[in-house]
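# Summary of the model geometry
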Amino acid sequence: MKIKTTILLIALSLTVISCFKKVPEEPGRKAEFGLVIHGGAGYINPDTFTGEKKQKYISKLKEALTKGSSILEKGGSSLDAVEAVINILENSPLFNAGKGAVFTAEGTNELDASIMDGKTLNAGAVAGVKHIKNPISLARLVMEKSPHVLLAGDGAEAFAIEQGVELVDSSYFFTEDRWKYYLKVKKEREKKNISFAKENRDEKYGTVGCVALDKHGNLAAGTSTGGMTFKRFGRIGDSPIIGAGTYANNNTCAISCTGHGEFFIRNVVAYDISALMEYSKLPLQKAAEKVVMDKLVKQGGDGGIIGIDKYGNIAMPFNTKSMFRGFMLDGKEPVIKIFK
Ligand code: ASP
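Our subject in this report is the structure included herewith. Counting restarts for each chain: residues are numbered from 1 in the order of the written sequence. Only residues with pLDDT of 70 or above have their local features reported here, since the model is predicted, and side-chain atom pairs are shown and tallied only from 80 upward, although totals for entire chains, interfaces and linings are computed over all residues. Note that water and hydrogens are dropped before the side-chain values are worked out from all heavy atoms of the structure.

What follows covers the sheet that holds strand S10 (residues 314-315). Across the sheet, which stays open at both edges, the four strands sit in the order S7-S8-S9-S10 with antiparallel pairing between neighbours. In the strand order of this sheet, the two ends are held by strand S7 (246-248) and S10, each with one partner. For two strands to count as paired, DSSP must find a minimum of two bridges between them. Numbering goes from the N terminus for both helices and strands, where a helix is a DSSP run of H or I of at least four residues and a strand is a run of E of at least two. In the sheet, S7 pairs with strand S8 (residues 253-259) via three bridges, with the strands oriented antiparallel. Across the sheet, the residue bridging to Thr 246 is Ser 256, located in S8. Pairs of residues are marked as contacts when any of their non-hydrogen atoms sit within 4.5 Å. To define axes, lines are fitted to C-alpha atoms, for helices over the stretch in contact only, and angles between the resulting N-to-C directions are given on a 0 to 180 degree scale. Packed onto the sheet, helix H8 (residues 269-279) meets S7, S8 and strand S9 (303-309) and runs at close to 145° relative to S8.

Taking a probe equal in size to a water molecule and rolling it over the atoms shows the remaining empty space. For each structure, a 1 Å grid was placed over the protein atoms alone; sets of points admitting a 1.4 Å probe that cannot get out are labelled cavities, open sets with protein on both sides within 12 Å along at least five of seven lines are labelled pockets, and lining residues have an atom within 4 Å of a point. Grid points are joined across faces, edges and corners, and a volume is the space filled by probe spheres set on the points. What the rule picks out here adds up to one cavity of 30 Å³ or more. Approximately 60 Å³ is the volume found for the largest cavity. Looking at the largest cavity, the residues that line it are Tyr 205, Thr 207, Thr 225, Gly 227, Met 228, Arg 235, Gly 237, Asp 238, Ser 239, Thr 258 and Gly 259.

Within the largest apolar cluster, 50 residues are counted, with the highest numbers of intra-cluster contacts made by Leu 35 and Ile 37. At eight residues, the largest contribution of residues to this core is made by helix H3 (residues 78-90). Sequence-distant contacts of Ile 37, that is, excluding residues within four places in its chain, are made with Leu 61, Ala 64, Leu 65, Val 85, Gly 209, Cys 210, Ile 306, Phe 324, Arg 325 and Gly 326. What we call a nonpolar core is a set of buried Ala, Val, Leu, Ile, Met, Phe, Trp, Tyr and Cys residues that are connected through their side-chain atoms within 4.5 Å. To sort residues, take the accessible area from a 1.4 Å probe on protein chains only and compare it with the maximum for the residue type: under 20% means buried, over 50% means exposed, and anything in between is partly exposed. Core analysis: the second largest hydrophobic core is formed by 39 residues, Ala 221, Ala 248, Phe 264 and Leu 284 among them.

Attention now goes to the pattern of salt bridges. By convention in these notes, a salt bridge is any Lys or Arg side-chain nitrogen within 4 Å of a carboxyl oxygen on Asp or Glu. Tallied over the full model, the rule gives eight salt bridges. One salt bridge connects Asp 80 with Arg 140, and the closest N-O pair in it is separated by 2.7 Å. Taken together, the residues span a long stretch of sequence, with Asp 80 in helix H3 and Arg 140 in helix H4 (residues 135-145) at a distance of 60 residues. Of the residues examined, Arg 140 reaches a relative accessible area of 12% and is grouped as buried. Where Lys 186 meets Glu 190, a salt bridge forms, and the shortest distance between an N and an O atom there is 3.6 Å. With Lys 186 and Glu 190 both in helix H6 (residues 176-192), this residue pair falls four residues apart, about one helical turn.

With that out of the way, let us pick up the side chain of Arg 235. By the secondary structure assignment, Arg 235 is in the loop between strand S6 (219-225) and S7. Here a polar contact is recorded for every N or O atom pair within 3.5 Å, except that within protein the pair must consist of a potential hydrogen donor and a potential acceptor, and residues adjacent in sequence are included only if both atoms are side-chain atoms. Within the local environment of Arg 235, its side chain forms a polar contact with the side chain of Glu 262, the two groups lying 2.8 Å apart. Beyond its immediate sequence surroundings of up to four residues, Arg 235 is in contact with Glu 110, Gly 227, Met 228, Gly 261 and Glu 262.

Quick look at the structure:
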């Protein structure tokens, strides 16, 4: 009788203890497949960014999301979706990537891009290319057809020729809007006698990125950019730096960044979010917020990120006024947002 009571008491206390024990947060599956995109963070004024202009951006972002989602829906890979989505945004003059890239202080265009496969942790990137229409596709070739991760400048373009990639004349990247903005910045800098290093808050960063989860559970991330307006020639930002602007790991998440690149490099932002998930067991949203809304804000690092984890949870925090962003999960309606 006494033994029975003791056993009962032990069982009861174990039940009570287990009720109070903190159960680690295990995110539930949100989607079987899906993707998130960004078209750059920045300081767009919601009062003037309206009407037809706004609609153009929204429909281009929707087109890109729909394309990526259809690839994933058919069982295509997250890498294929990321590349196809970024190609659409690179070919549009609206974004600072491919056609529409911003100008360096010398009035030239130098493009950076990177892509990463979360399944194999393989990655490819190109930096400072001047004649590549779709830098993200060249980054993928670096990943798949070379033993390297990052190729820069002339070497990257020589590799492109070897791979049968057609080079474009540098005039391909000229767009009226970017040129006007370049001239405006140039005038301001000359007037105030400031260098790029001292003041470089861009109105609109406009870089593009995509992260995706496919039906096979594989994550991928990619980023493509013209960099920052009035950058020094030869300056390379975070976008082609694996771990800084782009990172993907099937165990954690896929991340693409946009913002003031130097801060993203110094803080290894994309990898930092993945590391917080891996080592501190933070869910994606909390890890992303810690880095973007806390760490970067304290340092004055403008920008934002998009992320997706293996369960289809997504995050899109940014500490600027605006960030073109959107997502599409399980082939449902695409969602586009620009302001908070
Ligand atoms: N992060 C990019 C860079 O610093 C710029 C951007 O996101 O628009 O080159």
